[in-house]
Amino acid sequence: YPFSAIVGQDEMKRALLLAAIDPSIGGILVFGERGTGKSTAVRAMAGLLPPMRGIAGCRYNCDPANPGQYCD
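The text that follows walks through the structure, step by step, so that each part is easy to find. Per chain, residue numbering runs from 1 following the sequence as it is written. Local features in this predicted model are restricted to residues whose pLDDT is 70 or higher, and side-chain atom pairs enter the listing and the counts only when it is 80 or higher, whereas totals over whole chains, interfaces and linings include all residues. Excluding hydrogens and water, the side-chain figures rest on all heavy atoms present in the structure.

Considering helix α1 (residues 10-21)
Just so we agree on the cut-off: By definition, any uninterrupted DSSP run of H or I lasting at least four residues is a helix, any uninterrupted run of E lasting at least two residues is a strand, and each is numbered from the N terminus. What a helix is expected to span follows from its residue count: subtract one and scale by 1.5 Å. Think of it in three bands: residues with accessible area under 20% of the maximum for their type are buried, residues over 50% are exposed, and the middle band is partly exposed, with areas taken using a 1.4 Å probe on protein chains only. This arc corresponds to the set of directions leading from the helix axis out to the C-beta atoms. Any two residues whose heavy atoms approach within 4.5 Å at even a single point are treated as in contact.
Taking 1.5 Å of rise per residue, 12 residues should cover 16 Å, and α1 covers 16 Å from first to last C-alpha, within 8% of that figure. Residues of α1 that are buried include every one of Met12, Lys13 and Leu16, and no others. The buried residues of α1 occupy an angular sector of 100° when projected down its axis, which confines them to one face. α1 presents Glu11 and Ile21 as exposed residues on the side facing more than 90 degrees away from its buried surface. Contact partners of the buried residues in α1: α2 (38-48).

Next up, the structure:
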């Protein structure tokens, strides 16, 4: 489902966009009543992001180009 087709939920969409633009925000918590499109919006936003490089098997998708920031 395309992100641009989601109607309403303006605050949630803005928060998702801001988190994608500025990773230093640290993420967002999406909550609300059942059936309000939370999962649909998050999946649609994920479809807009570029592919991530990560170490195979790493739970946190550590960037192989940054060995100093690997998780334990």
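Back to the text.
So, α2
Residues Ala41, Ala44 and Met45 constitute the buried set of α2. Along α2, the residues classed as buried sweep out an arc of 100° about the axis, all on the same side. Opposite the packed face of α2, turned more than 90 degrees from it, sit the exposed residues Arg43 and Gly47. As for α2, its buried residues are in contact with α1.

Read these as layout, nothing more, since geometry by itself doesn't imply function.
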